[in-house]
Amino acid sequence: GYQWLSLTDGGATFHNGVDLNSLGGGDADLGAPVVAAVGAVVTAVVPWDGWTQGYGNFVVLETADARATPHVWLKHCHLDTITCSPGQMLMAGAQIGTCGRSGSQPFAHLHWEVMWAKPPSWGTWPYGWSREQVERYWMRPADWFWATIAAAAAQQGAQGGGTDVSILTGAQQVAV
């Protein structure tokens, strides 16, 4: 799938997230659990209308874990099912839905965005935006993920424990 700032839409759009899958090809991830990377509050649950192309079923989480570096909103798109509700507080690793291809996607995957500023709407796709405009709202997911892992490891190490920050599967963690 597309990576952070890959050109999409015939070169008109800088991809504002990463597409994660377990590299099994096709629909290998269809129905795989999608989980909260950190403790978070469910900010938005947006069901797909069943025919419009785009994000499909998606969930936005607002980080509620002090170790999340920086404080962000995490958007999980193309879900097959959604298993959380707006306002719900989730622990790291809590399931929010299952991987799918909603939004008329050709194969099952998770489109995952990290937003450090709220875009004009949760459904904003940055078609025709400059790279600088995209970077004003979104950040490279790997940068956020590894900074948060390091912060969690440092805090847990100081307390003599392991980390409890998760994301999808081990293969998908490597893909980030």
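Heads up: these notes are all about the structure in this document. What you see is a predicted model; the values in this text were computed from it and never measured. (Residues numbered from 1 in each chain as written. Predicted model: local features only at pLDDT ≥ 70, side-chain atom pairs only at ≥ 80, totals over all residues. Heavy atoms only, no water.)

**Here's the deal with the nonpolar core**
Counting 39 residues, the largest nonpolar core has Val59, Leu61, Leu74, Ile96, Trp112, Val114 and Trp144 as its most contacted members. Contributing elements (two or more residues each) for this core: strand 3 (18-20), strand 5 (40-46), strand 6 (57-63), strand 7 (73-82), strand 9 (95-99), strand 10 (110-115), strand 11 (138-139) and helix 2 (141-159). Aside from chain neighbours lying at most four places away, what touches Ile96 is Val34, Val35, Ala36, Val59, Leu61, His76, Thr81, Ile82, Thr83, Cys84 and Leu90. (Core = buried A, V, L, I, M, F, W, Y, C linked by side-chain atoms within 4.5 Å. Buried < 20%, exposed > 50% of the residue type's maximum accessible area, 1.4 Å probe, protein only. Helix = DSSP H or I, 4+ residues; strand = E, 2+ residues; numbered from the N terminus. Contact = heavy atoms within 4.5 Å.)

**A short note on the layout of surface pockets**
Here the largest pocket defines a volume of roughly 410 Å³. As for the largest pocket, its lining consists of 18 residues, of which Asp9, Gly54, His78, Gln105 and Trp125 are closest to the centre. Looking at the lining of the largest pocket, its residues break down into five nonpolar, 11 polar and two charged. (1 Å grid on protein atoms, 1.4 Å probe; cavity = no way out; pocket = protein on both sides within 12 Å on 5 of 7 lines; lining within 4 Å. Points joined across faces, edges and corners; volume = space filled by probe spheres on them. Nonpolar A, V, L, I, M, F, W, Y, C, P; charged D, E, K, R; others polar.)

**Examining the environment of Arg131**
In this fold, Arg131 is placed in helix 1 (residues 131-137). For Arg131, a relative accessible area of 39% corresponds to the partly exposed category. When the C-alpha positions of Arg131 and Leu7 are compared, they lie 10.0 Å apart, and in sequence the two are 124 residues distant. Ignoring any residue separated from it by four or fewer positions in sequence, one finds Arg131 in contact with Leu5 and Phe14.

**Let's talk about the pattern of salt bridges**
Going through the model one piece at a time under the given rule, you end up with five salt bridges. Arg101 serves as the salt-bridge partner of Asp27, at 3.2 Å between the closest nitrogen and oxygen. Of this pair, Asp27 sits in the loop between strand 3 and strand 4 (33-35) while Arg101 sits in the loop between strand 9 and strand 10; the two residues are 74 residues apart in sequence, bridging distant segments of the chain. Taking relative accessible area as the criterion, Asp27 reaches 32% and is therefore assigned partly exposed. (Salt bridge = Lys/Arg side-chain N within 4 Å of Asp/Glu carboxyl O.)

**A short note on empty space enclosed by the protein**
Evaluation of the coordinates by the stated rule reveals one cavity of 30 Å³ or more. Its volume calculated, the largest cavity comes out at about 30 Å³. In this structure, the largest cavity is lined by Asn21, Ser22, Leu23, Gly24, Gly25, Gly26, Ala28, Asp29, Phe107 and Ala108. Among the residues forming the lining of the largest cavity, the class breakdown is four nonpolar, five polar and one charged.

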